[in-house]
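Here's the letter readout for the chains.
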Amino acid sequence: SVLTLTISGPDPAVVPRHGVVALAATATVSECGAAGNVDFLWDVLAAEGALGPEIPPLLSRIASTSFQTSMLRFSAAHLVSGVVYTIRCRACLDDGLRACSTAQIRLHLLDEPMRGSIMGGDRIVATDDVLRLNACPPAIIDPDDPSASLLYSWTCLLYTSPSPRD
């Protein structure tokens with residue numbers, strides 16, 4: 001028996017931090033192969049980038065608990081920004097001969113731009129008025145690193161209204 005394994009989706013897969021990673025593997029047995037159950041085993045093969053070679057233990061535990069299922073699902077919140085993960089699936093045909101095949105896919109978080117605003121929106125104040133601006137979270141946030149320390153720089157400009165046309 002010849003077993004062919006594929007993981008659906010683009011490689012690399014790109015997921016938003018608040019999304020769900022959903023990988024599906026498909027095992028195909030050659031026409032001359034014997035019928036039998038297919039056992040699947042998912043694991044994290046590599047994590048390249050900001051982490052170095054270390055794979056987060058939680059991510060490894062999620063993958064290892066997906067035994068005997070062709071689907072791997074977990075929250076993208078477990079991923080680290082700037083890291084490319086290589087996820088591997090191994091499938092074996094339980095036909096007495098134990099024909100096996102592997103497939104892998106890379107995935108990483110979507111690099112999302114910072115989002116910012118001033119709480120309360122735009123405003124016009126007189127020169128003698130006290131003005132208090134607030135751009136603290138949740139008004140400004142880095143979706144790739146919600147706990148990031150932010151450095152603020154403020155600038156004030158004098159607004160001059162355009163002269164009316166005759």
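Going by the structure above, here's the rest.
Residues numbered from 1 in each chain as written. Predicted model: local features only at pLDDT ≥ 70, side-chain atom pairs only at ≥ 80, totals over all residues. Heavy atoms only, no water.

Outline the overall build of the protein, supporting the account with residue identities and numerical values.
Scanning the protein for helices and strands turns up 1 helix and 7 strands. Each helix and strand of the protein, placed in order from N terminus to C terminus, yields the pattern β-β-β-β-α-β-β-β. For the protein, the residues scored as buried account for 28% of the 166 residues in total. Taking the intrachain contacts of the protein between residues at least 6 apart in sequence as the baseline, contacts between residues at least 24 apart amount to 68%. Counting only carbon and sulfur atoms, one obtains 55% of the accessible surface of the protein, whose full area is about 11,100 Å². (Helix = DSSP H or I, 4+ residues; strand = E, 2+ residues; numbered from the N terminus. Buried < 20%, exposed > 50% of the residue type's maximum accessible area, 1.4 Å probe, protein only. Contact = heavy atoms within 4.5 Å. Areas by Shrake-Rupley, 256 points an atom, 1.4 Å probe, with all protein chains shown as cover.)

How would you explain the sheet that holds strand β6 (residues 83-94) if you had to name every residue and give the values?
One open sheet accounts for 4 strands, arranged β2-β7-β6-β4; its pairing is mixed. Looking at strand neighbours, the two that pair on one side only are β2 (13-15) and β4 (37-49), the edges of this open sheet. Looking at each pair of strands side by side, their axes are set apart by 25° on average, direction ignored. The sheet contact formed by β4 and β6 spans 12 bridges and is antiparallel. Paired with N37 across the strands is D94, a residue of β6. (Pairing = 2+ DSSP bridges. Axes fitted to C-alpha atoms, helices over the stretch in contact; angles between N-to-C directions.)

Any details on the nonpolar core? Residues and values, ideally.
Generally speaking, nonpolar side chains in soluble globular proteins are found buried as a group. Membership of the largest hydrophobic core comes to 26 residues, with the highest contact counts inside it found for L23, L79 and I87. When contributions to this core are tallied by element, the ones reaching two or more residues are β1 (3-7), β2, β3 (20-29), β4, β5 (71-75), β6 and β7 (100-109). Setting aside chain neighbours within four positions, we find I87 in contact with I7, L23, W42, D43, V44, L72, A103, Q104, I105 and L107. (Core = buried A, V, L, I, M, F, W, Y, C linked by side-chain atoms within 4.5 Å.)

How would you sum up the pattern of salt bridges? Please name residues and give values.
Close approach of charged atoms allows side chains with opposite charge to pair. In the structure shown here, the tally under the stated rule is 2 salt bridges. The shortest N-O distance in the salt bridge between D43 and R88 comes to 2.6 Å. Of this pair, D43 sits in strand β4 while R88 sits in strand β6; the two residues are 45 residues apart in sequence, bridging distant segments of the chain. Given a relative accessible area of 24%, D43 falls into the partly exposed group. (Salt bridge = Lys/Arg side-chain N within 4 Å of Asp/Glu carboxyl O.)

Help me get a handle on the sheet that holds β3, residues and values and all.
The strand order across the open sheet formed by 3 strands is β1-β3-β5, and the pairing between neighbours is antiparallel. Strands with a single pairing partner mark the edges of an open sheet, and in this sheet they are β1 and β5. Sheet twist, expressed as the mean angle between neighbouring strand axes with direction ignored, is 15°.

So what about the pairing of β5? Which residues, and what values?
Side chains L72 and F74 of β5 all project onto a buried face; the interleaved residues M71, R73 and S75 project onto a face where none is buried. The pairing of β3 with β5 spans 5 bridges and is classified as antiparallel. Within β5, the position partnered with A22 by the bridge is R73.

Outline the environment of Y159, listing residues and values.
Tracing the backbone shows Y159 in the segment after β7. Put simply, Y159 and I124 are 35 residues apart on the chain and 8.9 Å apart in space, counted from C-alpha to C-alpha.

Which residues make up the layout of surface pockets, and what are the values?
For the largest pocket, the calculated volume is near 640 Å³. Lining the largest pocket we find 16 residues, and of these R123, V125, L131, C156 and L157 sit closest to its centre. Taken together, the residues of the lining of the largest pocket break down into 11 nonpolar, 3 polar and 2 charged. (1 Å grid on protein atoms, 1.4 Å probe; cavity = no way out; pocket = protein on both sides within 12 Å on 5 of 7 lines; lining within 4 Å. Points joined across faces, edges and corners; volume = space filled by probe spheres on them. Nonpolar A, V, L, I, M, F, W, Y, C, P; charged D, E, K, R; others polar.)

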